[in-house]
Amino acid sequence: MKKKYFSDFNPFFLKILNLNFRIEYIFFNFKNIIFSNSLSFEDTFILYFFYLKKIYNINIFFLNTGKIFLNFINFINKIKKKYNIEVKTFFPNLFLINKYIKKYNLNSFYNNIILRKICCFIRKIEIYNKVVSKFDIIITGQRSNRASFDNLNLNFDSSRKIIKYNLLYFWDYKDIFYFIEKFNIKINNIYNYGYTSVGCEPCTKKISSEEHIRAGRWWWESFNISKKECGLHL
């Protein structure tokens, strides 16, 4: 009799089990939790699993930098309705923005990396720090191959004095899209138009399939792609 092999075993199933365990672990061991949702495909993927596990009472926030793609507003409304959740939107300090524009001009972030990072700080980091300061732990969709710096899947952000849990740290973006297609998870349709990593509109461009997934971010800066960050995850 011919020996039967279970050739239909899908290793991706183990990833789902692992993600399920991580979600249960964090909500069992921590209470004062907030989820930083940039409406990226990673964060939408996480949100889907929160929904499956009937986790509705989590604090979720989105940063509207004033430079986001317009379809993000529509997408926020869609996921609020679909998952029956509240997503709080926070805006940067208008006084600081006006001060920056008056001193350096509106699009001066194209001139050099210092001015770009100042812009990132004003439009993202300053308000981000204020929001997360009220919580004990923050969940993100950051992955290990996102950047070259060392960052564990669960670590302590000493600069913000908060525990940071990267649920998808060991995931590759191709694995995530496999499940997005498998479960028909609705994501922002901007990914259908050549964008792979999305930030502020003037700092993001479409890329070709041969380019690095983050090549479209701060595309005018010539140094190592893996080191291009705004400062939220450093």
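Presented here is an overview of the structure given in this document.

Here is what the cut-offs are and how they apply
Residues numbered from 1 in each chain as written. Predicted model: local features only at pLDDT ≥ 70, side-chain atom pairs only at ≥ 80, totals over all residues. Heavy atoms only, no water. Pairing = 2+ DSSP bridges. Helix = DSSP H or I, 4+ residues; strand = E, 2+ residues; numbered from the N terminus. Axes fitted to C-alpha atoms, helices over the stretch in contact; angles between N-to-C directions. Parallel < 35°, antiparallel > 145°, perpendicular 65-115°, else oblique. Left-handed = near helix turned anticlockwise from the far one by under 90°. Contact = heavy atoms within 4.5 Å. Nonpolar A, V, L, I, M, F, W, Y, C, P; charged D, E, K, R; others polar. 1 Å grid on protein atoms, 1.4 Å probe; cavity = no way out; pocket = protein on both sides within 12 Å on 5 of 7 lines; lining within 4 Å. Points joined across faces, edges and corners; volume = space filled by probe spheres on them. Phe/Tyr/Trp six-rings, centres within 6.5 Å; stacked < 30°, edge-to-face > 60°. Buried < 20%, exposed > 50% of the residue type's maximum accessible area, 1.4 Å probe, protein only. Lys NZ or Arg CZ within 6 Å of the ring centre and 35° of its normal. Patch = residues over 30% accessible without salt bridge, like charges linked within 9 Å, V, L, I, M, F, W, Y side chains within 5 Å. Areas by Shrake-Rupley, 256 points an atom, 1.4 Å probe, with all protein chains shown as cover. Salt bridge = Lys/Arg side-chain N within 4 Å of Asp/Glu carboxyl O. Disulfide = S-S within 2.5 Å. Right-handed = clockwise from strand over helix to strand, strands pointing away.

## Re the sheet that holds strand β1 (residues 33–36)
Right, so step 1: The sheet built from 6 strands is open, its strands ordered β3-β2-β1-β4-β6-β5 with mixed pairing. Two strands close off the open sheet at either side, each with one partner strand: β3 (88–90) and β5 (154–157). Looking at each pair of strands side by side, their axes are set apart by 30° on average, direction ignored.
Right, so step 2: Pairing of strand β4 (residues 137–140) with strand β6 (residues 162–166) involves 4 bridges; the strand directions are parallel.

## Digging into the packing of helix α4 (residues 94–104) against helix α5 (residues 113–132)
Right, so step 1: As a packed pair, α4 and α5 sit with axes 10 Å apart at the nearest point and diverge in direction by 165°. Judged by the inter-axis angle, α4 sits roughly antiparallel to α5. Our pair here, α4 against α5, has a crossing hand that is left-handed. For the pair formed by α4 and α5, the contact residues are Leu96, Ile97, Tyr100 and Tyr104 on the first element and Leu115, Ile118, Cys119, Ile122, Arg123 and Glu126 on the second.
Right, so step 2: Taken together, the residues of the contact of α4 with α5 break down into 8 nonpolar, no polar and 2 charged.

## Things to note about empty space enclosed by the protein
Right, so step 1: According to the stated counting rule, one finds 4 cavities of 30 Å³ or more in the structure shown.
Right, so step 2: Taken as a whole, the second largest cavity encloses approximately 120 Å³ of empty space.
Right, so step 3: Along the wall of the second largest cavity there are 14 residues; nearest its centre are Cys120, Lys124, Cys200, Cys203 and Trp218.
Right, so step 4: Partitioned by chemical class, the residues of the lining of the second largest cavity number 7 nonpolar, 2 polar and 5 charged.

## Section: the packing of helix α2 (residues 41–52) against helix α3 (residues 71–83)
Right, so step 1: The N-to-C vectors of α2 and α3 enclose an angle of 15°; their axes lie 11 Å apart at closest approach. In terms of their interaxial angle, α2 and α3 are classed as roughly parallel. Along this stretch, α2 crosses α3, giving a crossing that reads as right-handed. Two secondary-structure elements touch here, α2 through Thr44, Leu47, Tyr48 and Tyr51 and α3 through Phe75, Ile79, Lys82 and Tyr83.
Right, so step 2: For the contact of α2 with α3, the residue count by class is 6 nonpolar, 1 polar and 1 charged.

## Some thoughts on the packing of aromatic side chains
By convention here, two paired aromatic rings are described through the distance between centres and the angle between planes.
Right, so step 1: Summed over the entire model, instances satisfying the criterion amount to 31 aromatic pairs.
Right, so step 2: Judged by centre distance (4.6 Å) and plane angle (80°), the rings of tyrosine 110 and tryptophan 220 are edge-to-face. With tyrosine 110 in the loop between α4 and α5 and tryptophan 220 in the segment after α6 (173–182), this pair connects stretches of sequence that are 110 residues apart.
Right, so step 3: Relative accessible area serves as the criterion here: at 30%, tyrosine 110 is assigned to the partly exposed category.
Right, so step 4: The partly exposed category is assigned to tryptophan 220, whose relative accessible area is 22%.
Right, so step 5: One aromatic cluster in this structure is built from Phe45, Tyr48, Phe49, Trp171, Tyr178, Phe179 and Phe183.
Right, so step 6: Geometry around tryptophan 171 places lysine 15 over its ring, the cationic atom sitting 5.2 Å from the centre.

## Quick notes on a nonpolar patch on the surface
Right, so step 1: There is a patch of nonpolar side chains on the surface, built from Phe13, Leu14 and Leu17 and spanning about 300 Å² of accessible area.
Right, so step 2: With respect to the helices and strands, phenylalanine 13 occurs in helix α1 (residues 12–29).

## A word on the state of the cysteines
Right, so step 1: Under the definition given, this model contains 0 disulfides.
Right, so step 2: With no disulfide of its own, cysteine 120 has cysteine 230 as its nearest cysteine by sulfur position, at a separation of 5.4 Å.
Right, so step 3: Cysteine cysteine 200 is unpaired, with the sulfur of cysteine 203 as its nearest cysteine sulfur at 5.6 Å.

## Some thoughts on the pairing of strand β2 (residues 59–63)
Right, so step 1: A large share of β2 lies buried, amounting to 4 of its 5 residues.
Right, so step 2: Looking at chain direction, β1 and β2 are connected through 3 bridges and run parallel. Bridged to serine 36 within β2 is phenylalanine 61.
Right, so step 3: At this point the chain moves from β1, through α2, to the parallel β2, and the crossover so formed is right-handed.
Right, so step 4: One ladder, built from 3 bridges, connects β2 with β3; its direction is parallel. Each residue of the ladder has a partner; that of leucine 63, found in β3, is phenylalanine 90.
Right, so step 5: Chirality of the crossover, the property in question, places the unit of β2, α3 and β3 among those that are right-handed.

Everything listed is a geometric property; what it means functionally is a separate question.
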